[in-house]
Amino acid sequence: MNITRAFLVVGTIYLVLGIGLGMRMGASGDHSMMPVHAHINLLGFVLMAVFGLIYKTFPAMTNGRLATVHFWLHLTGSALLIVMLFLMFSGRIPEAAMVPAAPLAEGLVMLGVLTFAYNLWMNAR
C-alpha cells in the first residue's frame, strides 16, 4: 500500500464530499449541517492531506506498519464520526444515541494521531 497516495486520495474524496455538502447548504439556505461540513473538511481533507504530505516528506516513516495502522485508525474513526454527526444533525438520531459510537470514533482518531506522533518521533529525520 502506498500510504502517501492512500492519504491523498481519500483526503480528496473527503474534499469533494465537503464541497458538495457546502454547495447544498448554500443553495438551500439551510446551514444546519455546518458541523458535519467542518468535520468532513478538517478531519477528512485537511488532516489526511497533511498526513500524506508528511509521509511523502519523510519516506522513512512509511517503513514498517505504523503508517498503515495510522491510516486505518484515522479513516475508520473519522468516517464513523462524520456519519454519526450527519445522523444527529439531520435529526435521524438524538444526541444521546451518539454513545458509544461517537466516543469510540473519537478514540480511534486519537489513537491514529498518537500512532502518527510516535512514528514521526522515531522516523522523521
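The preceding data block contains the structure.
Note that this is a predicted model, so its numbers are computed, not measured. (Residues numbered from 1 in each chain as written. Predicted model: local features only at pLDDT ≥ 70, side-chain atom pairs only at ≥ 80, totals over all residues. Heavy atoms only, no water.)

(A) Seen up close, the overall build of the protein chain. Of the regular secondary structure elements, the protein chain holds four helices and zero strands. When the helices and strands of the protein chain are read in sequence order from the N terminus, they spell out α-α-α-α. For the protein chain, the spread of C-alpha atoms along the principal axes amounts to about 45 × 30 × 20 Å. Split into buried and exposed, the 125 residues of the protein chain put 37% on the buried side. Of the contacts made within the protein chain by residues no fewer than 6 positions apart, 73% connect residues no fewer than 24 positions apart. Surface exposure of the protein chain reaches about 7,100 Å², of which carbon and sulfur atoms provide 73%. (Helix = DSSP H or I, 4+ residues; strand = E, 2+ residues; numbered from the N terminus. Buried < 20%, exposed > 50% of the residue type's maximum accessible area, 1.4 Å probe, protein only. Contact = heavy atoms within 4.5 Å. Areas by Shrake-Rupley, 256 points an atom, 1.4 Å probe, with all protein chains shown as cover.)

(B) How the structure looks around the side chain of Thr115. Note on placement: Thr115 falls in helix H4 (residues 101–123). With relative accessibility at 13%, the residue Thr115 sits in the buried group. In this view, Thr115 contacts Leu66, Val69, His70 and Leu73; residues no more than four positions away in its chain are not counted.

(C) View of helix H1 (residues 3–28). Compared with an ideal rise of 1.5 Å per residue, which puts 26 residues at 38 Å, H1 spans 37 Å between its outermost C-alpha atoms and is within 8% of the ideal. Every buried residue of H1 is accounted for by Ile3, Thr4, Ala6, Phe7, Val10, Gly11, Tyr14, Gly18, Leu21 and Met25. The inward-facing, buried residues of H1 abut helix H2 (34–57) and helix H3 (66–89). Measuring from the side-chain oxygen of the N-cap residue of H1 to the backbone nitrogen of Thr4 gives 3.2 Å; that N-cap residue is Asn2. A positive phi of about 80° marks Gly29, the residue just after H1. (Expected span 1.5 Å × (residues − 1). Polar contact = N/O pair within 3.5 Å; in protein donor to acceptor, adjacent residues only side chain to side chain.)

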